[in-house]
Amino acid sequence: MSDQAPPYAPLPLVSSLPLDPNSTLSPNPTLVLPNLAFPNKRKRTGFRRKVLSGSPAAPALSPSAPSQPPPPASAADDIIVINREPTAEAVTALTAGFPADSLTDEEIEAGVVSDVGGIEQVNYILIRNHLLCRWRETYNSWLAKEHFATLIPPHCEHLLNAAYSFLVSHSYVNFGVAPAIKERIPKEPTRPTTVVVLGAGLAGLAAARQLVAFGFKVIVLEGRKRCGGRVYTKKMEGGGHSAAGDLGGSVLTGTFGNPLGIVAKQLGLPMHKIRDKCPLYRPDGSPVDPEVDKKVEITFNKLLDKSSNLRTSMGEVAADVSLGAALETLRQADGGISTQEEKNLFNWHLANLEYANAGLLSRLSLAFWDQDDPYDMGGDHCFLPGGNGRLVHALAENVPIVYERTVHTVRYGGDGVQVVVNGGQVYEGDMALCTVPLGVLKNGGIKFVPELPQRKLDSIKRLGFGLLNKVAMLFPHVFWSTDLDTFGHLVEDPRRRGEFFLFYSYATVAGGPLLMALVAGEAAHNFETTPPTDAVSSVLQILRGIYEPQGIEVPDPLQSVCTRWGTDSFSLGSYSHVAVGASGDDYDILAESVGDGRLFFAGEATTRRYPATMHGAFISGLREAANITLHANARVAKTKVDKSSSTNMQACATILTDLFRQPDLEFGSFSVIFGGKASDPKSPAILKVEFGGQRKKNATEGAKTEQNHSNKLLFQQLQSHFNQQQQLYVYTLLSRQQAMELREVRGGDDIRLHYLCEKMGVKLVGRKGLGPGADAVIASIKAERNRSRAKPGPSKLKKSLKPNVTAS
């Protein structure tokens, strides 16, 4: 997962949320958000700069829901006031991923308001933001809807219900590992639905934990002997020292809206802010001149600005051009980088960019490589003391995980899913959630039956999946400066620019003198085949070149670990990026469920807003828990409707048969029962036509009946039944007036049938085709006849119609 700790960018101003409706400042008060420092992965670690003007997604609002205009002045009185800090609450919602003044697609689909874009939406947003803000303040307690009932006016109670239901079901509130949250998890499943989760990384754990909380029966299949996936904290020991080293994802990138920050707080874990200071050292170990450093950084950022402008002018063509090609062309044209030291510094920035994206610049899309920048979460970038494994183990508590189960086949269909693991064991469920890394999907490590849709296969192929490796070293003591968390090293060979280019100091958070060297870009791929002893020797040579001239001895490490994420069969890489030819849409496509809501997908490569991050993986798991719940609920509701419809249909069929034993009107093979008032010609009636059996004789039985019917198939089918002398009933719902008009048609049943279908345009159907409208008419006729039987004397309706029962 991404370890990037890039600097920050201000959030564009957003408006349209109303303030106090009683304010006299403006008839259309608006909410103006302050500039927030949002991280931007394209900048050097530790520096703060503004977002580049050419970013492809300039608005910091929702990419999926259009911003709505302010409400008209005449409706201002309808805007509710919950408290006097709507601006701060809007900021909280924004960092949680909600647009400031409009609804997300998920909210619209959930029908949270009846009038999208109106005053009701404004009030809903105010309530939603307030709930989110309160949850962030009270993350150790269960957020109960009842606590807000007195704050919300009665006419907005339905909006409170909608906001609370949406936030809980989509896991924006009431998630995590706080005791009050865990108490709400049922001891046994409350639903009959079983979900098989593939992978116990952050996405799988987040989803499984929420699904268990929602009452599902869950089984998590994990190929490794441990949980966490690409988040792996290893305990390193030696010489009486020990330390916790994050060999995978290590940095919580932004804490304002980061749900993992909530989990850390629930565990009572302090978070260590990564300090901005990041000195750079030349290949010989001497410090880089600060003035030269500043000059190259300014040039680097200027070229990124120009690359953004370039892609804007190129239009769609930019999707087929790499960021690396654009930067190199612009660098040569600029001429600002001339000396060898400047080139080394420039290459260091390129390595930092490849590290942030886990991808070679030659493969990153010029058009969309930074499409997620506007959605980065604000706040400090932090290390978690003791490592992120503490989050993993807390999330895995009481989650049913079966280890060493390598999935090789997933079958899915209308009846459910079957997941086949090594050894041939089969796990069955109603639904499955696939959270395996993109690298495994790219490699075809899992066979899907039926094959995944072509659009998903194409997205898997288009998206990039890069590599970051590390060398973790536990030393006898800290010999480096304790007032910094990062420092960098330059190389002269551009092909090796990512080789041990950045060091992380974990001495303040790991519990021991731990130092981590990062390997990015092309060097990360070469590192996969480098013997560990050679790698450690190279790192020590760099460290001794930096510190021994200062009179500081660099000891040999007590223990060293080199990662190999590229050849790890359960990951086959580190994290995703937008490669040439791909776009942010591919993340959305990869997130789509298949098999009519049977097979779902989560993981950092399924979120276009937060790819390549630990919180992105976690959020995607929560997202799919909500999606699975929605599909399960819809399936249960459909089953209930089908069963109810079947029961009603059978009951109505029995009643209908009984009613037609005494029809209100009968002529030839036609019979009618009436509903409603006899005086109303538009009142409903049900017509039955009988074919086969003993046909009734009509006065004009011998008349010519050959007609040029347009519905030939119907008449051929009916004639077939005539010939076979089988009894067949077809029906239609029509008006009393139409029934009486049909009775007056002369020429026999065939002529009447022609008149009914061709002239009146009535469609004859079987009993099942009558639908719920006819069921209501049947029920009303049955009720009326029951009432009539309870009265003395014959029915008035029968008296008026009985003389016509044999009309032909």
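Now for a description of the structure that goes with this document. These numbers come from a predicted model, not from an experiment. (Residues numbered from 1 in each chain as written. Predicted model: local features only at pLDDT ≥ 70, side-chain atom pairs only at ≥ 80, totals over all residues. Heavy atoms only, no water.)

## Comments concerning the overall build of the protein chain
In step 1: The helix and strand tally for the protein chain stands at 22 helices and 28 strands.
In step 2: Counting across all 808 residues of the protein chain, residues that qualify as buried make up 55%.
In step 3: For the protein chain, restricting intrachain contacts to residue pairs at least 6 apart in sequence, the fraction spanning at least 24 positions comes to 77%.
In step 4: Surface exposure of the protein chain reaches about 33,900 Å², of which carbon and sulfur atoms provide 52%. (Helix = DSSP H or I, 4+ residues; strand = E, 2+ residues; numbered from the N terminus. Buried < 20%, exposed > 50% of the residue type's maximum accessible area, 1.4 Å probe, protein only. Contact = heavy atoms within 4.5 Å. Areas by Shrake-Rupley, 256 points an atom, 1.4 Å probe, with all protein chains shown as cover.)

## Here's the deal with the packing of aromatic side chains
In step 1: Considering all chains together, one arrives at 22 aromatic pairs under this definition.
In step 2: Ring geometry for phenylalanine 98 and phenylalanine 166: centres 6.5 Å apart, planes at 70°, overall edge-to-face. Separated by 68 residues along the polypeptide, phenylalanine 98 in the loop between helix H1 (86-95) and helix H2 (105-110) and phenylalanine 166 in helix H4 (residues 157-169) bring together distant segments of the chain.
In step 3: The exposure class of phenylalanine 98 is buried, given its relative accessible area of 2%.
In step 4: Overall, phenylalanine 166 belongs to the buried group, its relative accessible area being 4%.
In step 5: Seen in terms of ring centroids, phenylalanine 300 and phenylalanine 346 are 5.9 Å apart; in terms of plane orientation they differ by 75°. Their pairing is edge-to-face. Linking phenylalanine 300 in helix H8 (residues 290-314) with phenylalanine 346 in helix H10 (residues 340-357), this pair joins segments that are 46 residues apart in sequence.
In step 6: Taken together, the ring pairs in this structure connect Tyr281, Phe475, Phe479, Trp480, Phe487, Phe503 and Tyr547 into an aromatic cluster.
In step 7: Looking at arginine 226, its charged tip hangs above the ring of tyrosine 232, at a distance of 3.9 Å from the centre. (Phe/Tyr/Trp six-rings, centres within 6.5 Å; stacked < 30°, edge-to-face > 60°. Lys NZ or Arg CZ within 6 Å of the ring centre and 35° of its normal.)

## Section: the sheet that holds strand S25 (residues 665-667)
In step 1: Ordered by their spatial adjacency, 4 strands build an open sheet running S25-S26-S27-S28, and the pairing between neighbours is antiparallel. Both outer strands of the open sheet, S25 and strand S28 (728-735), are each paired with one neighbouring strand and no more. For this sheet, the mean angle separating the axes of adjacent strands, direction not counted, is 20°.
In step 2: When strand S27 (residues 684-691) meets S28, the two strands line up antiparallel, connected through 8 bridges. Among the inter-strand pairings, alanine 685 is bridged to a residue of S28, identified as leucine 734.
In step 3: On the sheet, helix H19 (residues 736-743) packs against S25, strand S26 (670-674), S27 and S28 and is oriented at approximately 120° with respect to S28. (Pairing = 2+ DSSP bridges. Axes fitted to C-alpha atoms, helices over the stretch in contact; angles between N-to-C directions.)

## Let's talk about the packing of helix H3 (residues 119-137) against H4
Geometrically, a packed helix pair is captured by the angle between its two axes and the distance between the axes.
In step 1: The geometry of H3 relative to H4 is characterised by a closest axis approach of 9 Å and an angle of 50° between their N-to-C directions. Relative to H4, H3 is oriented oblique. Judged by the twist between their axes, the crossing of H3 over H4 is right-handed. On the side of H3, the interface is formed by Glu120, Asn123, Tyr124, Ile127, Arg128, Leu131 and Leu132, while H4 contributes His158, Leu159, Leu160, Ala162, Ala163, Tyr164, Phe166 and Leu167.
In step 2: The class makeup of the residues in the contact of H3 with H4 is 11 nonpolar, 2 polar and 2 charged. (Parallel < 35°, antiparallel > 145°, perpendicular 65-115°, else oblique. Left-handed = near helix turned anticlockwise from the far one by under 90°. Nonpolar A, V, L, I, M, F, W, Y, C, P; charged D, E, K, R; others polar.)

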